[in-house]
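Overview (structure and organization)
Letter by letter, the chains look like this.
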Amino acid sequence: MVAGGGGGGVGNGGGGAGAGGVRYVSSLNVSSSGAKTITIGGGGGGGGYGSNSSGLGYTSTGGGKGGNYTGAGGSGGSGGGRSRDSQGGGGTGTSGQGNSGGAQYYGGPGHGAGGGGGKSSSGGNGTNTGTYRGGSGGNGSTYIGRSVGGGGGGGGDDHSAGNAPGGSGGGGYGGRNSGNGSSGSTNTGGGGGGAGGGHPPAGSPGSGGSGIVIIKYKYQ
């Protein structure tokens, strides 16, 4: 069960958004007959939180938003990364569903925002060196032989030559200079990439990807 991913942040380097929470239920008895309601969480718009996915008594938590200007990354299924303009770490993830967002690099021009957290790993920290300076999004996970998503969005930055990658499992890449972050992939819960910074303007952040619920059952 994968929730919707958060939307990336905007700023002089917006934080990458956290992926929607990924939850596994190894066995389940459904004792009553009749229709069952399954809710698929939608992805958050730029700077917004992802929505929960739920059904059969279980819920996965929507992804945290990416940090905006001086704002922190939001907490959620996985946490969003901090923006380039603020100090500290990223938003926290929900235990068993995801990981924390990354911190930004702070202390001079040409530094990037933190990447959003994913199911399998935390978001990367921003740096002031390298091909890209925004932090990479945390990686997602696989189940029953297929990638089910849960990848965090890459952090934006204001100077680098490359786009910080989103995490495997649907995370969007971060923008650079005044470029846009890309959106998380549909039906993965991937977090949106943070917007690149400009002097001015900033680019646009990516939206989160919608979630998915996969049910494996034995036909009798």
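Described in the following lines is the structure provided in the data block. (Residues numbered from 1 in each chain as written. Predicted model: local features only at pLDDT ≥ 70, side-chain atom pairs only at ≥ 80, totals over all residues. Heavy atoms only, no water.)

**Focus: the overall build of the protein**
Selection criterion: Only DSSP runs of H or I covering at least 4 residues are called helices, and only runs of E covering at least 2 are called strands; the numbering of each starts at the N terminus. When we talk radius of gyration, it's over C-alpha atoms, and the globule rule is simply 2.2 Å times the number of residues to the 0.38. When accessible area is computed with a 1.4 Å probe and restricted to protein chains, residues below 20% of their type maximum are described as buried, those above 50% as exposed, and intermediate ones as partly exposed. Whether two residues are in contact is decided by their heavy atoms, any of which lying within 4.5 Å being enough.
When you go through the protein residue by residue, the secondary structure sums to zero helices and five strands. Secondary structure of the protein in N-to-C order comes out as β-β-β-β-β. Taken against the 2.2 N^0.38 rule, which gives 17 Å for 220 residues, the C-alpha radius of gyration of the protein at 16 Å falls within 12% of a compact globule. For the protein, the C-alpha atoms occupy an extent of roughly 60 × 25 × 25 Å along the three principal directions. Within the protein, buried positions represent 51% of all 220 residues. Contacts spanning at least 24 positions in sequence make up 47% of the contacts within the protein whose residues lie at least 6 apart.

**With respect to the environment of Gly45**
Assignment of secondary structure puts Gly45 in the loop between strand 1 (38–39) and strand 2 (53–55). Separated by 101 residues in sequence, Gly45 and Arg146 place their C-alpha atoms 27 Å apart. The contacts of Gly45, once residues within four sequence positions are left out, are Gly7 and Ser207.

**Observations concerning the sheet that holds strand 2**
The test is simple: What makes two strands pair is DSSP finding at least two bridges between them.
The strand order across the open sheet built from three strands is 1-2-3, with neighbouring strands paired in antiparallel fashion. Across the chains shown, the open sheet's two edge strands, defined by having one partner strand only, are strand 1 and strand 3 (58–60). Of the pairings in the sheet, the one linking strand 2 to strand 3 comprises three bridges and is antiparallel in character. Bridged to Ser53 within strand 3 is Ser60.

**Some points on the pattern of salt bridges**
The criterion, for reference: Salt bridges are identified by distance alone: a Lys or Arg side-chain nitrogen within 4 Å of an Asp or Glu carboxyl oxygen.
This structure, assessed with the given rule, holds two salt bridges. The residue Arg84 makes a salt bridge to Asp85 at a minimum N-O spacing of 2.6 Å. The class for Arg84 is buried, based on a relative accessible area of 12%. A cluster of three or more residues bridged by salt bridges with shared partners is formed by Arg84, Asp85 and Asp158.

**A look at the side chain of Ser53**
Stated formally: In protein, a polar contact means a hydrogen-donor-capable atom and an acceptor-capable atom, both N or O and within 3.5 Å, with residues adjacent in sequence counting only if both atoms are side-chain atoms; elsewhere, any N or O pair within 3.5 Å suffices.
Tracing the sequence through the fold places Ser53 in strand 2. For Ser53, a relative accessible area of 0% translates into the label buried. Polar contacts involving the side chain of Ser53 include one to the main-chain amide nitrogen of Gly41, which spans 2.8 Å.

**Points about the environment of Gly5**
Looking at the element boundaries, Gly5 is found in the segment before strand 1. Separated by 75 residues in the primary sequence, Gly5 and Gly80 place their C-alpha atoms 9.7 Å from one another. Setting aside residues up to four positions removed in sequence, Gly5 forms contacts with Gly18, Ala19, Gly20, Gly43, Gly44, Gly50, Gly63, Gly189, Gly190, Gly191, Gly208 and Gly209.

**Notes on the side chain of Lys119**
Here is the rule: Residues counted as positive are Lys and Arg, residues counted as negative are Asp and Glu, and His and the chain ends are not counted.
Topologically, Lys119 is positioned in the loop between strand 3 and strand 4 (141–143). Put simply, Lys119 is tucked away with no salt bridge, and the nearest opposite charge, on Asp157, sits 28 Å away. The contacts of Lys119, once residues within four sequence positions are left out, are Val22, Tyr24, Ser78, Gly96, Gln97, Gly98, Asn99, Asn139, Gly140, Ser141 and Gly150.

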